[in-house]
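One letter stands for each residue in the lines below.
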Amino acid sequence: MKKTKPSKISSIILFILLLFIAIGWTVPTLGVFVTSFRESKDIYSSGWWSVLPHMEWVKTSEFQLAEATDPNAPITIEGHTASFDEWRQGIKVSENKRLRWYGNKRSRKIEVYEEKLLGFGANLTMQNYVDVLQGGEISFDDGSGNIITREGNNFGDAVINSLAVCIPSTVIPILIAAFAAYAFAWMDFPGRKPMFVILVALLVVPLQIALIPILRDFTAWNLNGTFVSMWLAHTSFGLPLAIYLLYNYVSTLPRDVFESAYLDGATPFVTFVRLVLPMSIPALASFAIFQFLWVWNDYLVALIFLGDKNRVVTSALAAMIGEKGQDWHLLTSGAFLSMILPLTVFFALQRFFVRGLLAGSIKG
Amino acid sequence: MLESVRSNSFQIVRLFALVILAVFVLVGGFILLQNLQHVKMIMMVFAVIWGVGSVALLFWVFNSIAQAMPRKIRPIAVALVFAGPAIVLLAWALVLPTLRSLWLSFFDDTGHQFVFLDNYTFAFTDPIMLESFKNNLLWMVFGTSFCVILGLIIAVLSDKSKFEKLFKALIFLPMAISFVGAGVIWKFMYSYKGEGININEIGLLNAIVVALGGKAQSWLLMPVWNNFFLIAIMVWLQTGYAMVILSSAIKGIPLEIIEAAKMDGANEFQIFFKITIPFIMPTIVTVATTILIFSLKLFDIVRVMTGGNFGTNVIANEFYQRQFTYRKTGQASAIAIVLLICTIPVLIYNLRQFRKRRTIK
Amino acid sequence: MKKSVLFFVFVLVAMLFYTGCQPKGQEQNSAGKDSGVQGKVVTMAGPFVDNDAVKFNNAVKAFEERTGIDIQYEGSKEFEASISIRIEGGNAPDIVDFPQPGLLATFVKGGYVVDLNKVLDMNKIKQNYIQSWLDMATMDGPEGKIMAGVWGRVSAKSLVWYNKKEFDAAGYKVPKTWKELEDLEKMIMADGDTPWAIGIESGAATGWPATDWIEEFMLRTNSLEDYDRWVKGELKFDSPQVRKAIGKLSEIWLTKGMVYGGREGIVTTSFGDAPKVMFEEPPKAWLHKQGNFITSFFPDNLKAGVNYDFFYLPGIDPQYGRPVLIAGDCYAMFNDRPEVRMVMEFFATGASVESWIKAGGIVSPHKDALLSWYTNDVDRKVAEVIQNATSVRFDGSDLMPGEVGAGSFWKEITAYVSGTKSLDEALKAIDASWPK
């Protein structure tokens, strides 16, 4: 479908509206992106937007009040009289000068602030990313003065492991689901309808109830810790959605296409491979994205079936961030690093969407 | 006659060879994969090729066998080859565990003492469960409708824009973020540091409120509203999904129909409601169903943000909590089964839709 | 299609052949065996990761070199969920480190845990622990009481941390009694600050620091018998004793100006972020009660004894003395093999944590661990606090059944503190959640 040409004014309104939505959608992510470049101390004490250029009161000097100053009575400094609480909030004594009481009543220290324009990017650092990529190289003092440094867990290996898990776990369910969707949509076999009902119902089964029985089987088959176990698990968990989505698509493909193929003597297998698969590419691509994202971001399944031997990205990040779940600076930069690949996949597959996931339904 | 016997026996030998080959590829590849751990890059490439290749090979071999069947049972054999692997996998990984849960839901936590409906009584009377049901209803109604409506609006609007790809990419962006990452992001949005001396809010929402002259709020503690703040996170994450699929459907609408409507003097709104919506209705149902079910199963957001406190608990979180933290297998299983039953109306509606579409054809 | 399959098979054969020719590294390793355990692997799982996992690996290194046993530890953040699944899925690691004895007890009940009395030389082990540790490791199995594990590391919870530099500069004095602590609180408030930094947000575990506080006050305002009865569920939450303890908590937590951020700040601040305000310039709060593990959440570059220090949370009623609330890790055995027995026996000795103690951060429960191993004063002082205690009790919520100790207790107290529930409602709800 070609773009329709709306009038100029309406296209501007449209653009502004979209811009508005897009900004609203992106601000949270942007916040984290900025945060991922900040030092851990700053993250907790000021908002991320403070890296943007803005006017801020900057401390230029400080001075000590006389020991005899009574903080509980009104205090007069540079001609202004106010209570301790007010001084603590800060008082503007002249156009470009602000005085603030530092700390509690015991300090008797006054800080002088002047308003200045802070440029972009004060206190930004790449260190968080370096830490994450090195896998959080750990060093500590062993008490007798030796610094023990552990080699960081290799983030690169984790990416490779993740790919070895994700790609087959994305392609295999697509293959199996496409065959099944075709069978459910266009073939007759006993029990077709009830089976399809059960299949759709399985969409809602929380995968957590399946973990223990599956693990028992994997233990019996000696599959624990292998990639095969991950493929099997993710394929199974992804199948209901895959079949549901693909069935919706395949069932609306025009019937005459198959019939003419059969008349030419093609077997269902050949028809499927030559006709159905290529025609379903938009649907396959969109499911591929969701399945890939889901597998890529999964932690629990990887933790249980794959364990520690072949760490995937999520477990590497979790292990590095460690028990101190509050390492915001590592969490944010790690989250961004792990986003790069899925986003690349999305952009790579985006062109397949253009023809439309359910385009076929219209022709039917 | 002799000819056919010969070709038959040749056929059998060929099939036999194929099966041997398949077994060899499967077993050999598996052993090889285990031995390749040291050369990571090769291992990964091999894993991908072998993993995907073996599945394709299996389908091909099975199909060859099915094609060799007598003509009478051939269609069923072929159907079995097509649907069989999915059915077997699902039966093994999801149906059996569900049945096991159904069984366990009638027993106490040791799994030995039959308690009949006690666990279900719990699931429908416990105050925490009642609260969760109420919240899940909010999630299902508002989460789903916001996702679908927003997704639809963005899809329609961006369809008319020059910067379509960019806008869509921005909306889609959150989908690529893990739940842990999303948790961090929204903690920064909703952060509240309390009231007192020298408080400096680092949460964006509170910073905006304060800048506008308001008072900082503890968003996640506000009764009932906090549910909506959590739902907003799901909408933020999932609208991209709705948008991508709906946008594809919109692009599938034949241009002639729209042109014809324009010729008849229809305006944009009329086109939207009279043509676009009816045309993509099946897609809307699909999207709504998947998001609805997703919102029913969702617990990560609640777990990360509030841990189910302050009146924000949901059923799936209570299931996870009882299954793993409290190790109350019976109750957890009952909750899972209840969850399953909750979707029956959705399923029935879906099947009706399928049937309708069939009869139209 | 056929050609590509053939090619694929060919490549496969070639690679199989190639790897088949490779010498196997593991076989060479197990060449020289004399004790029979050489080269054997013992798998372990536990909740600690990161720094602690490295310290653990270093601590067992000497043992591994001596015996040839390879201890493979796997830490996970989703420990509770993953260990339940692994144990019930029949894939239990050989040894599991449980920070919550309550969780271990459920596996003992299910009959998954090996009874140490039957497989280890218990006389030797019993000599190395004081009786209360042994009692706490004795749990109900399906066929009577069993020794479910040995204790590896301990942490003390009754510690109040403060910003030593600023604290001294302001001229505050470390309180020795409850009265002195109250005076200090008043003084800090009079000086215009909030005394306490408290945060109990912890995702799905939100509320646990609050339960620690209540346990502290239970020990300080009630007899040990009452505490033990309470933990076992014999003393209701809705009882004068527990109300007395929560009353003390409310005096601090719910009084305006006492806690940084107020009650809503308490429930929305994460427990790890809470102490950070003490180290801002100027400090925004002055005191933080938490176990000794909290130092790893302090901002980097702070020195123990210089920038921060702690004091013992004083007793309230002299008749209950100086009680100390502790927590600890219990190693339980799930598979009985000779090499696993050896590792378990090793864990029952101080040597298993020697280098960990030296690296800092933990306290040993073993009698044969030497005070001289503690290299920083803070750790040694923690060990001394435990030694000087008139009574020691384990974190009660870790001993209660999961749905209370890791569920309703956390949840309901959080609701009480946030103000969404009254104390009456909260206590009744906890009592109602006890398993019948």
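Computed from a predicted structure; not experimentally measured.

### What about the interface of chain B and chain C?
Line of reasoning, step 1. The partner chain C presents 44 residues to the 41 residues of chain B that form the contact.
Line of reasoning, step 2. Summing the contributions of chain B and of chain C, the shared interface buries around 3,800 Å²; its carbon and sulfur component is 64%.
Line of reasoning, step 3. If you sort the residues of chain B by the area they bury against chain C, Phe324, Tyr326 and Arg327 of chain B come out on top, with a joint share of 17%.
Line of reasoning, step 4. Where chain B meets chain C, there are three salt bridges.

### Topic: unusual backbone geometry
Glycine aside, negative phi is the norm for most residues, and most peptide bonds take the trans geometry.
Line of reasoning, step 1. Between Glu281 of chain C and Pro282 of chain C the backbone carries a cis peptide bond, its omega angle lying at -10°.
Line of reasoning, step 2. Locating Pro282 of chain C in the fold gives a position in the loop between α14 (262-268) and β9 (285-289).
Line of reasoning, step 3. A positive phi is found at Glu78 of chain A, a non-glycine position, where the angle reads about 45°.
Line of reasoning, step 4. Within the fold, Glu78 of chain A resides in the loop between β2 (75-77) and β3 (80-82).

### Thoughts on the pattern of salt bridges
Line of reasoning, step 1. Following the criterion strictly, the structure yields 39 salt bridges over all chains and no others.
Line of reasoning, step 2. Measuring nitrogen to oxygen at the nearest pair gives 3.3 Å for the salt bridge that ties Glu78 of chain A to Lys97 of chain A. On the criterion of sequence distance, the pair formed by Glu78 of chain A in the loop between β2 and β3 and Lys97 of chain A in strand β5 (residues 97-102) is long-range, its members being 19 residues apart.
Line of reasoning, step 3. Of the residues examined, Glu78 of chain A reaches a relative accessible area of 45% and is grouped as partly exposed.
Line of reasoning, step 4. Relative accessible area serves as the criterion here: at 24%, Lys97 of chain A is assigned to the partly exposed category.
Line of reasoning, step 5. A salt bridge links Asp140 of chain C to Lys145 of chain C, with the shortest nitrogen-to-oxygen separation between them at 2.8 Å.
Line of reasoning, step 6. One network of salt bridges, with partners in common, ties together Lys59, Glu62, Lys109 and Glu111 of chain A.

### As for a nonpolar patch on the surface
Line of reasoning, step 1. Taken together, the side chains of Ile12, Phe15, Ile16, Leu19 and Ile23 of chain A together with Phe163 and Leu166 of chain B make up a nonpolar region of the molecular surface, amounting to roughly 640 Å² of accessible area.
Line of reasoning, step 2. Here the nonpolar patch takes five residues from helix α1 (residues 8-35) of chain A, the largest share from any one element.
Line of reasoning, step 3. Topologically, Ile16 of chain A is positioned in helix α1.

### Regarding the interface of chain A and chain B
Line of reasoning, step 1. Every contact between the two is made by 116 residues of chain A and, on the other side, 116 residues of chain B.
Line of reasoning, step 2. A combined buried area of about 10,600 Å² lies between chain A and chain B, and 78% of that area is made up of carbon and sulfur atoms.
Line of reasoning, step 3. Across the contact surface, chain A and chain B share zero salt bridges.
Line of reasoning, step 4. Where chain A touches chain B, the interface holds nine residue pairs in polar contact (both at pLDDT 80 or more).
Line of reasoning, step 5. For the side of chain A that touches chain B, the leading source of residues is helix α5 (residues 155-186) of chain A, giving 18 residues.
Line of reasoning, step 6. Residues of the side of chain A that touches chain B, tallied by class, amount to 88 nonpolar, 22 polar and six charged.

### A closer look at the sheet that holds strand β6 (residues 109-118) of chain A
Pairing between the strands of a sheet comes from backbone hydrogen bonds, and it takes one of two forms, parallel or antiparallel.
Residue and element names in this part refer to chain A.
Line of reasoning, step 1. Judged by pairing direction, the sheet is antiparallel, and its four strands sit side by side in the order β1-β6-β5-β4 without closing on themselves. Each edge of the open sheet is held by one strand with a lone partner, namely β1 (54-64) and β4 (91-94). Neighbour-to-neighbour, the strand axes of this sheet turn through a mean angle of 35°, independent of strand direction.
Line of reasoning, step 2. Note that β4 and β5 share three bridges and pair antiparallel. Each residue of the ladder has a partner; that of Ser94, found in β5, is Lys97.

### A short note on the domain arrangement of chain C
All names here are of chain C.
Line of reasoning, step 1. Considered domain by domain, chain C is made up of domain 1 (37-154 + 327-394) and domain 2 (156-325 + 397-433).
Line of reasoning, step 2. Here the C-alpha centroids of domain 1 and domain 2 sit 28 Å apart.
Line of reasoning, step 3. Residue-level contacts link 20 residues of domain 1 with 23 residues of domain 2.
Line of reasoning, step 4. Summed over both partners, the interface of domain 1 with domain 2 comes to about 2,000 Å²; 61% of that surface belongs to carbon and sulfur atoms.
Line of reasoning, step 5. Summed over the shared surface of domain 1 and domain 2, the result is two salt bridges.
Line of reasoning, step 6. Summed over the shared surface of domain 1 and domain 2, the result is eight residue pairs in polar contact (both at pLDDT 80 or more).
Line of reasoning, step 7. Of all elements in the fold, only α5 (101-109), α17 (377-388) and β12 (391-394) reach the threshold of two or more residues within the side of domain 1 that touches domain 2.
Line of reasoning, step 8. In terms of residues, the side of domain 1 that touches domain 2 owes the most to one element, α17, which gives six residues.
Line of reasoning, step 9. For the side of domain 1 that touches domain 2, the class distribution of residues is twelve nonpolar, six polar and two charged.

### Quick look at the side chain of Arg108 of chain A
Line of reasoning, step 1. Counting through the fold element by element, Arg108 of chain A comes out in the loop between β5 and β6.
Line of reasoning, step 2. Classification of Arg108 of chain A as buried rests on a relative accessible area of 15%.

### A few points about the side chain of Asn227 of chain B
Line of reasoning, step 1. Take Asn227 of chain B: it is sitting in helix α9 (residues 225-251).
Line of reasoning, step 2. From its side chain, Asn227 of chain B meets the backbone oxygen of Gly311 of chain B in a polar contact 3.3 Å long.

### A few points about the packing of helix α11 (residues 208-221) of chain C against helix α12 (residues 224-232) of chain C
Residue and element names in this part refer to chain C.
Line of reasoning, step 1. The interhelical angle for the contact between α11 and α12, taken along N-to-C directions, is 140°, at an axis separation of 8 Å. Contact with α11, carried on its side by Ile214, Glu215, Met218 and Leu219, involves Leu224, Tyr227 and Trp230 of α12 and no other residues of that element.
Line of reasoning, step 2. In terms of residue class, the contact of α11 with α12 is made up of six nonpolar, no polar and one charged.

### Regarding the environment of Ser260 of chain A
All names here are of chain A.
Line of reasoning, step 1. By the secondary structure assignment, Ser260 is in helix α9 (residues 255-263).
Line of reasoning, step 2. Given the relative accessible area of 39%, Ser260 is considered partly exposed.
Line of reasoning, step 3. Along the sequence, Ser260 and Glu39 sit 221 residues apart, while their C-alpha atoms lie 66 Å from each other.

### Here we look at helix α4 (residues 118-125) of chain B
All names here are of chain B.
Line of reasoning, step 1. Considered for burial, the residues of α4 that qualify are Asn119, Tyr120, Phe122 and Ala123. Projected down its long axis, α4 carries its buried residues within an arc of 155°, all on one side.
Line of reasoning, step 2. Tucked into the core, α4 has its buried residues touching α3 (74-104), α5 (127-159), α13 (315-325) and α14 (329-342).

### A few points about the confidence of the model for chain C
Line of reasoning, step 1. When the pLDDT values of chain C are averaged, the result is 86; 92% of them are 70 or greater.
Line of reasoning, step 2. Throughout residues 21-34 of chain C the model reports pLDDT below 50, and contacts reaching past four residues in sequence, or to other chains, amount to three contacts.

### A short note on the sheet that holds strand β8 (residues 194-196) of chain C
All names here are of chain C.
Line of reasoning, step 1. The four strands are arranged β8-β9-β7-β10 in an open sheet whose pairing can be described as mixed. Two strands lie at the open edges of the sheet, namely β8 and β10 (308-312), each paired on one side alone. Strand-to-strand twist in this sheet, taken as the mean axis angle between neighbours without regard to direction, amounts to 25°.
Line of reasoning, step 2. Relative to β9, β8 runs parallel, the two being bridged by two bridges. The residue bridging Thr194 from the neighbouring strand is Ala285, located in β9.

Reading guide: rules and limits
- Residues numbered from 1 in each chain as written.
- Chains lettered and ligands numbered in written order.
- Predicted model: local features only at pLDDT ≥ 70, side-chain atom pairs only at ≥ 80, totals over all residues.
- Heavy atoms only, no water.
- Contact = heavy atoms within 4.5 Å.
- Buried area = accessible area lost by both parts, 1.4 Å probe.
- Salt bridge = Lys/Arg side-chain N within 4 Å of Asp/Glu carboxyl O.
- Helix = DSSP H or I, 4+ residues; strand = E, 2+ residues; numbered from the N terminus.
- Buried < 20%, exposed > 50% of the residue type's maximum accessible area, 1.4 Å probe, protein only.
- Patch = residues over 30% accessible without salt bridge, like charges linked within 9 Å, V, L, I, M, F, W, Y side chains within 5 Å.
- Areas by Shrake-Rupley, 256 points an atom, 1.4 Å probe, with all protein chains shown as cover.
- Polar contact = N/O pair within 3.5 Å; in protein donor to acceptor, adjacent residues only side chain to side chain.
- Nonpolar A, V, L, I, M, F, W, Y, C, P; charged D, E, K, R; others polar.
- Pairing = 2+ DSSP bridges.
- Axes fitted to C-alpha atoms, helices over the stretch in contact; angles between N-to-C directions.
- Domains from an automatic or database assignment.
- Arc of directions from axis to C-beta.
- pLDDT = per-residue confidence, 0-100.

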